[in-house]
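Structural overview for review
Listed below are the residues making up each chain.
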Amino acid sequence: MSDHQLRVSKIPRGTVIDHIRAGQALNVLAILGIDGRAGETVSVGMNIPSDQMSQKDIVKVEGRELSQDEVDVLSLIAPEATINIIREYEVVEKQYLERPERVVGVLSCPNHNCITNANEPVETKFDVLDEGVRCEYCETIVREDLAAHIAVK
Amino acid sequence: MRHDHLITAKQLSRENVEAVLDRAAEIDADPAAFADRHDDAILGLCFFEPSTRTKMSFETAIKRLGGDIVDMGSVESSSVKKGESLADTARVIEGYADAMVLRHPSQGAAKMVSEFVDVPLLNAGDGAGHHPTQTLLDLYTIRENAGLDDLTIGIMGDLKYGRTVHSLANALTNFDADQHFISPESLKLPRSVRYDLHESGAMVREHTELDEILPALDVLYVTRIQRERFPDENEYQQVAGEYGIDLETLESAKDDLTVMHPLPRVDEIAPEVDDTKYATYFEQAHNGVPVRMALLDRMLEDNR
Ligand SMILES: [Zn+2]
């Protein structure tokens, strides 16, 4: 059993998001809208030594599997992450993240003058660029700190 | 998106641009031939911020084609004031009109409305975003005066918030045009416009001083530097002088330089320039009518 598995115990069923860039674990929880209020058990490991990344974060959420929308946004913030779906303590599915072409309804536009911030019946839509994302409405490009623009559901 | 909405200048191919400009030239040559082309057409005018000139220019254009307008009036007097969404307002007016013109202070407004309406929509300015019909009249003016290929153009002033600049720069990537951008450091082209220009393979050459590049230019496109963009009045005063054009500035220019400005100007171009062969900005403004006639003519023709 490897070192990090000792630090964060196994879960019966749910999702383990592994290989998150160190320091991003709380942003990952924010994306998933997890703040513990729903009563789910959440374990967070931060700055765990890793062979591949020197240090990484890891998040384990019991009783919850991620939707495709959630996976898409995760891929923008934690592109190296792997998602392990756990049933009966075993990994039944391992997903590597692929960057989507666009993300819909997840990020909010940082441009205050953008029509998506104006109380209109539209969802935000962002094209995913090689670096960052771009609002399809006002065309603002966001490269830094995407996690700050996640629209909390 | 419908092929006949015009939301951003990026939609315009060289072929589109040339078709509109050729039609505008036909109209210019014989306006009477177009006088009753669209005598049953109604154009819906939705101006959410005041813009007397752009509005009058559309109004003139549709009337010269034999059509008429419905106008939602000022925002103050409309249901918008009661809190109606833009999407709803647009869907209501769509029912009255064969085509719609939208001017709105928010960026992306036209793109959003285009998702809700079925009649052709013309973006007449969305915040600091796009202003493609202005771009077509700018291109018409450039073609008449300097030609659109083998062109060296300087675009100067507030490049950050200037939507006419953003649209023009995008459209010019269809032609063999060398674009030079001249502005104070704080008003440089925004990242998104630079991104598009790079994507289309255009070279972006940026300058802080006009005299570095003026002697090479065929066209100088000047825009207004807005005082309110500067946090501090001293900073504004420093740059304002730097980017003003007068007879002395133009001494190093080519003989056949064309000086353009989308108007209104404040003090970017001294009145003494008006009577010189360089001044093309009033002609440019007048070109708005035949160009908008050409655009409406093509749109309405497609929908007959
Ligand atoms: Zn936006």
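The structure reproduced in this document is the subject of the present report. Since the model is a prediction, treat every value here as computed from it, not as a measurement.

**Quick word on the sheet that holds strand E2 (residues 68-71) of chain B**
Residues and elements named next belong to chain B.
- The sheet built from four strands is open, its strands ordered E2-E1-E3-E4 with parallel pairing. Strands with a single pairing partner mark the edges of an open sheet, and in this sheet they are E2 and strand E4 (121-126). The mean angle between the axes of side-by-side strands here comes to 20°, regardless of whether they run parallel or antiparallel.
- In the sheet, strand E1 (residues 42-47) pairs with strand E3 (residues 99-104) via five bridges, with the strands oriented parallel. Bridge pairing links Leu45 to Val101 in E3.
- Across the sheet, helix H2 (residues 52-64) lies against E1, E2, E3 and E4, angled at about 175° from E1, the strand it touches most.

**Re the interface of chain A and chain B**
- On the chain B side, the residues contacting the 18 residues of chain A number 22 residues.
- Regarding the contact of chain A and chain B, the summed buried area is about 1,600 Å², with carbon and sulfur atoms giving 48% of it.
- The tally of links from chain A across to chain B stands at four salt bridges.
- In this assembly, chain A and chain B are joined by 13 residue pairs in polar contact (both at pLDDT 80 or more).
- In terms of residue class, the side of chain A that touches chain B is built from eight nonpolar, three polar and seven charged.

**Some points on a nonpolar patch on the surface**
All names here are of chain A.
- On the surface, Leu26, Val44 and Met46 cluster together into a nonpolar patch covering about 260 Å² of accessible area.
- Secondary-structure assignment places Leu26 in helix H2 (residues 25-31).
- The exposure class assigned to Leu26 is exposed, which follows from its relative accessible area of 54%.

**Observations regarding the coordination of the zinc ion**
Residues and elements named next belong to chain A.
- Every protein donor of the zinc ion is listed here as Cys109 (SG), Cys114 (SG), Cys135 (SG) and Cys138 (SG), and their distances to the metal cover 2.3 Å.
- Considering all four donor atoms around the zinc ion, angles at the metal cover 98 to 118° and the coordination shape is tetrahedral.
- Read N to C, the donor residues that coordinate the zinc ion are spaced as C-x4-C-x20-C-x2-C. Here the two residues Cys135 and Cys138 agree in accessibility, since each one is buried.

What counts as what
- Residues numbered from 1 in each chain as written.
- Chains lettered and ligands numbered in written order.
- Predicted model: local features only at pLDDT ≥ 70, side-chain atom pairs only at ≥ 80, totals over all residues.
- Heavy atoms only, no water.
- Pairing = 2+ DSSP bridges.
- Helix = DSSP H or I, 4+ residues; strand = E, 2+ residues; numbered from the N terminus.
- Axes fitted to C-alpha atoms, helices over the stretch in contact; angles between N-to-C directions.
- Contact = heavy atoms within 4.5 Å.
- Buried area = accessible area lost by both parts, 1.4 Å probe.
- Salt bridge = Lys/Arg side-chain N within 4 Å of Asp/Glu carboxyl O.
- Polar contact = N/O pair within 3.5 Å; in protein donor to acceptor, adjacent residues only side chain to side chain.
- Nonpolar A, V, L, I, M, F, W, Y, C, P; charged D, E, K, R; others polar.
- Patch = residues over 30% accessible without salt bridge, like charges linked within 9 Å, V, L, I, M, F, W, Y side chains within 5 Å.
- Areas by Shrake-Rupley, 256 points an atom, 1.4 Å probe, with all protein chains shown as cover.
- Buried < 20%, exposed > 50% of the residue type's maximum accessible area, 1.4 Å probe, protein only.
- Donors = N, O, S within 2.8 Å, 3.2 Å for Na, K, Ca; no water.
- Tetrahedral: all angles 85-135°; square planar, octahedral: opposite > 155°, others 65-115°.

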